[in-house]
Amino acid sequence: MRCDRLWSKARLATLAAGRPGLGVVQDGVVAALDGRILYAGPAAEAPALDAAEVIDCEGRWITPGLMDPHTHLVFGGDRAHEFELRLAGASYEEIARAGGGIVSTMKATRAASQDQLVAGALPRLDALIAEGLTTIEIKSGYGLSLDHELKSLRAARALADARKVSVTPTFLGAHALPPDFAGDADGYIDLVCRQMIPAVAAEGLAEAVDAFCEGVGFTPAQTRRVFEAARAHGLPVKLHAEQLSNLHGAALAAEFGALSADHLEHLDQDGIAAMARAGTTAVLLPGAFYFVRETRLPPIAGLRAAGVPLALATDCNPGTSPLTSLLLTMNMAATLFRMTVDECLAGVTREAARALGRLDQVGTLEAGKACDLAIWDIERPAELVYRMGFNPLHGRVWKGEIA
Ligand code: DI6
Ligand code: FE
């Protein structure tokens with residue numbers, strides 16, 4: 001069989017559903033043809049392959065390319081000064097009242113051009129790519145007006161043209177109440193449902209719709225209206241749920257067959273059961289948990305026992321998770337949430353793909369999927385979770401191309 005490229009003498013962590021644990025293949029090969037995996041598995045069982053190019057991996061490990069299924073990567077400005085105020089004892093509420101918080105990022109995002117938003121996001125994207133990222137979800141949510149939300153989503157799309165990476169944009173207009181709608185949250189949700197979502201859908205600018213269901217965000221009733229508008233426009237949903245309190249957002253998300261419910265520190269057993277029934281993936285965000293010094297752990301054991309898929313993400317955002325490292329995210333998930341090495345690696349590959357509705361295309365080393373690979377200078381996969389601040393990436397492959 002003809003193939004474009006063959007990676008030989010490799011140890012594979014396939015994450016393939018049919019194989020136990022990480023789906024390890026000790027003496028494996030990966031063959032790519034036209035950007036897709038033609039074969040991934042034991043060298044001894046490979047078909048006869050006529051490769052245009054053979055790369056000897058010299059025993060290195062190959063995993064699926066890493067995926068970040070929850071980021072707010074596109075935004076203007078930063079909140080480093082707020083970080084100093086917090087260290088000096090100011091509360092989030094005091095900072096918000098002083099015009100800080102999401103509103104300060106909204107102002108900087110509105111003031112930035114689309115090109116400036118792209119330029120500002122590129123260093124954050126490059127940091128993730130340097131660790132083997134091949135797919136990233138990018139939310140809007142700092143424009144909070146029709147034009148600026150569209151600008152943000154167009155900037156997210158433009159990043160896919162600027163780098164060899166796959167971008168899945170998510171519309172998060174229901175992220176916070178902009179000052180122009182102070183005291184009129186229902187009026188703003190009208191704008192989100194009647195103008196923003198139709199425009200986003202008409203331009204094909206998003207693959208899903210998200211919302212922030214929280215006391216400082218939007219109510220379950222307002223979230224339900226956003227979900228109904230998303231459904232009317234054929235867009236799947238996901239939700240920032242139970243981050244700071246239990247508004248039963250995860251159960252609402254599950255009612256709409258959500259791809260994922262994210263954060264989940266305050267998730268209860270009813271929410272777990274609803275997610276399990278709906279097949280909704282839990283996206284856990286240890287960077288936000290760490291950065292805001294949260295003390296309530298998400299119910300990992302309950303989610304695990306109910307068979308809810310567990311994904312991980314950086315939640316890269318300027319306010320609660322200025323994090324651009326999936327390797328550190330995995331270490332935090334193991335160290336803080338007590339997730340296993342296998343769960344962490346699955347969380348940034350197979351389960352991240354599931355959370356994005358892309359498991360049929362990426363997330364495991366299986367024939368027919370995009371040939372997105374990360375090649376590592378490690379002796380065992382646990383090193384990718386164990387180390388902090390060390391990047392053992394040897395090479396990255398995106399759609400069969402050495403990137
Ligand atoms: N939850 C969060 O932690 C971020 N957004 C959200 O829905 C906060 C975003 C910010 O503070 O800029
Ligand atoms: Fe978030």
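Only a predicted model underlies this, so the values are computations on that prediction, with no experimental measurement involved.

**Student:** Would you mind going over empty space enclosed by the protein with me for this structure?
**Tutor:** Think of a ball as big as a water molecule: rolled over the atoms, this probe shows where empty space is left. The tally for this structure, following the rule as stated, stands at 2 cavities of 30 Å³ or more. Roughly 50 Å³ of volume is contained in the largest cavity. Tallied by class, the residues present in the lining of the largest cavity amount to 4 nonpolar, 5 polar and 1 charged. Counted as a void, the second largest cavity has a volume near 30 Å³.

**Student:** Looking at this structure, I do not really get the packing of helix α6 (residues 185-202) against helix α7 (residues 220-232). What am I missing?
**Tutor:** In helix packing, the relevant descriptors are the interaxial angle and the interaxial distance, both defined with respect to the helix axes. Viewed as axis vectors pointing N to C, α6 and α7 meet at an angle of 10°, and their least axial separation amounts to 10 Å. Looking at the two axes, α6 sits roughly parallel to α7. Residues Ala185, Asp186, Ile189, Asp190, Val192, Cys193, Arg194 and Ile197 of α6 form the contact with α7, whose own contacting residues are Gln222, Arg225, Val226, Ala229 and Ala230. Considering only residue class, the contact of α6 with α7 consists of 8 nonpolar, 1 polar and 4 charged.

**Student:** How should the coordination of the iron ion (ligand 2) be read in this particular structure?
**Tutor:** Around a metal, the idealised angle for a tetrahedral arrangement of four donor atoms is 109.5 degrees; for an octahedral arrangement of six donor atoms it is 90 or 180 degrees. In the first shell of the iron ion (ligand 2), the protein supplies His70 (NE2), His72 (NE2), His240 (NE2) and Asp315 (OD), at 2.1 to 2.3 Å from the metal. What the 4 donor atoms of the iron ion (ligand 2) show is an angle range of 82 to 167° at the metal, which sorts the shape as irregular. The motif formed by the donor residues of the iron ion (ligand 2), counted along the single chain, is H-x1-H-x167-H-x74-D. Neither residue differs from the other here; His70 and His72 are each classed as buried.

**Student:** Would you explain the pattern of salt bridges in this entry?
**Tutor:** Charged atoms that come close allow side chains of opposite charge to pair. Tallied over the full model, the rule gives 22 salt bridges. A salt bridge links Glu366 to Lys369, with the shortest nitrogen-to-oxygen separation between them at 3.7 Å. Overall, the relative accessible area of 28% leaves Glu366 in the partly exposed class. The structure contains a network of salt bridges with shared partners spanning Arg5, Glu53 and Glu401.

**Student:** Can you help me understand the site of ligand 1 in this one?
**Tutor:** Looking at ligand 1, the residues that line it are Arg79, Ile102, Tyr142, His175, Phe212, His240, Gln243, His263, Asn317, Gly319 and Thr320. The separation between an oxygen atom of ligand 1 and a polar side-chain atom of Thr320 is 2.7 Å. Considered on its own, ligand 1 offers 320 Å² of accessible surface; in the complex 95% of this is hidden by protein. Of the pockets mapped on this structure, ligand 1 occupies the largest pocket.

**Student:** Please clarify how the layout of surface pockets should be interpreted in this entry.
**Tutor:** One number sums up the size of the largest pocket: a volume of about 730 Å³. Lining the largest pocket are 28 residues, with Tyr92, Ile102, Phe212, Val216 and Thr320 positioned closest to its centre. Tallying contributions element by element places helix α2 (residues 92-97) first for the lining of the largest pocket, with 5 residues. In terms of residue class, the lining of the largest pocket is made up of 12 nonpolar, 10 polar and 6 charged. By volume, the second largest pocket is sized at about 410 Å³. Residue lining of the second largest pocket: 22 residues in total, with Phe83, Arg86, Tyr92, Phe291 and Gly319 positioned closest to the centre. Looking at the lining of the second largest pocket, the elements that each hand over two or more residues are α1 (80-87) and α10 (286-291). Here the lining of the second largest pocket gets 5 residues from one element, more than from any other, and that element is α1.

What counts, and at which threshold
- Residues numbered from 1 in each chain as written.
- Chains lettered and ligands numbered in written order.
- Predicted model: local features only at pLDDT ≥ 70, side-chain atom pairs only at ≥ 80, totals over all residues.
- Heavy atoms only, no water.
- 1 Å grid on protein atoms, 1.4 Å probe; cavity = no way out; pocket = protein on both sides within 12 Å on 5 of 7 lines; lining within 4 Å.
- Points joined across faces, edges and corners; volume = space filled by probe spheres on them.
- Nonpolar A, V, L, I, M, F, W, Y, C, P; charged D, E, K, R; others polar.
- Axes fitted to C-alpha atoms, helices over the stretch in contact; angles between N-to-C directions.
- Helix = DSSP H or I, 4+ residues; strand = E, 2+ residues; numbered from the N terminus.
- Parallel < 35°, antiparallel > 145°, perpendicular 65-115°, else oblique.
- Contact = heavy atoms within 4.5 Å.
- Donors = N, O, S within 2.8 Å, 3.2 Å for Na, K, Ca; no water.
- Tetrahedral: all angles 85-135°; square planar, octahedral: opposite > 155°, others 65-115°.
- Buried < 20%, exposed > 50% of the residue type's maximum accessible area, 1.4 Å probe, protein only.
- Salt bridge = Lys/Arg side-chain N within 4 Å of Asp/Glu carboxyl O.
- Near = heavy atom within 4 Å.
- Polar contact = N/O pair within 3.5 Å; in protein donor to acceptor, adjacent residues only side chain to side chain.
- Areas by Shrake-Rupley, 256 points an atom, 1.4 Å probe, with all protein chains shown as cover.
- Sits in = over half its atoms within 2 Å of the grid points.

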